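Below are the chains, spelled out letter by letter.
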Amino acid sequence: EFDVLEYLKTPLNKSELTNLYTALSSNHAVNCAHDMLRTKEAEYKLAGLSSSSTDSEIISAIAIYPKLLERPIYVQDELAAIGRPLENIETLIND
């Protein structure tokens, strides 16, 4: 059983995004905040992001443009996984 957070309707704030980044990093799901991004969205350019953007810049941009956050993301306790591919989530659930 899990809860669904529709973050496009109720965006995450910077603190929540930082916690999510920490959970993803703890599970080695991301190496940097840039790995959390949907880089092909128009908002990526609107936010002025690039591959050299800092984690702080990326988290701030996602707070403004929640559509930039890669999805789906599954959070379990202090760990998280991005479901691209879905096997990443299955691995987290089964561990």
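Up top is the structure.
Residues numbered from 1 in each chain as written. Predicted model: local features only at pLDDT ≥ 70, side-chain atom pairs only at ≥ 80, totals over all residues. Heavy atoms only, no water.

S.K.: Tell me about helix α1 (residues 14–26), residues and numbers included.
M.R.: Taking 1.5 Å per residue, 13 residues should reach 18 Å; α1 reaches 18 Å between its end C-alpha atoms and fits that length. Taken together, the buried positions of α1 are occupied by Leu-17, Leu-20, Tyr-21, Ala-23 and Leu-24. The buried residues of α1 occupy one face: seen down the axis, they fall within an arc of 160°. Looking at the buried side of α1, the elements it contacts are α3 (55–64), β1 (73–76) and β2 (79–82). The distance from a side-chain oxygen at the start of α1 to the backbone nitrogen of Ser-15 is 3.0 Å, and the residue carrying that oxygen is Asn-13. (Helix = DSSP H or I, 4+ residues; strand = E, 2+ residues; numbered from the N terminus. Expected span 1.5 Å × (residues − 1). Buried < 20%, exposed > 50% of the residue type's maximum accessible area, 1.4 Å probe, protein only. Arc of directions from axis to C-beta. Contact = heavy atoms within 4.5 Å. Polar contact = N/O pair within 3.5 Å; in protein donor to acceptor, adjacent residues only side chain to side chain.)

S.K.: Can you lay out the pattern of salt bridges for me, pointing to particular residues and giving the numbers?
M.R.: Enumeration according to the criterion identifies five salt bridges in this entry. Here Arg-38 makes a salt bridge to Glu-41, at a shortest N to O gap of 3.1 Å. Here Glu-41 falls in the buried class, since its relative accessible area comes to 15%. One salt-bridge network, in which partners are shared between bridges, spans Arg-38, Glu-41, Lys-67, Glu-70 and Arg-84. (Salt bridge = Lys/Arg side-chain N within 4 Å of Asp/Glu carboxyl O.)

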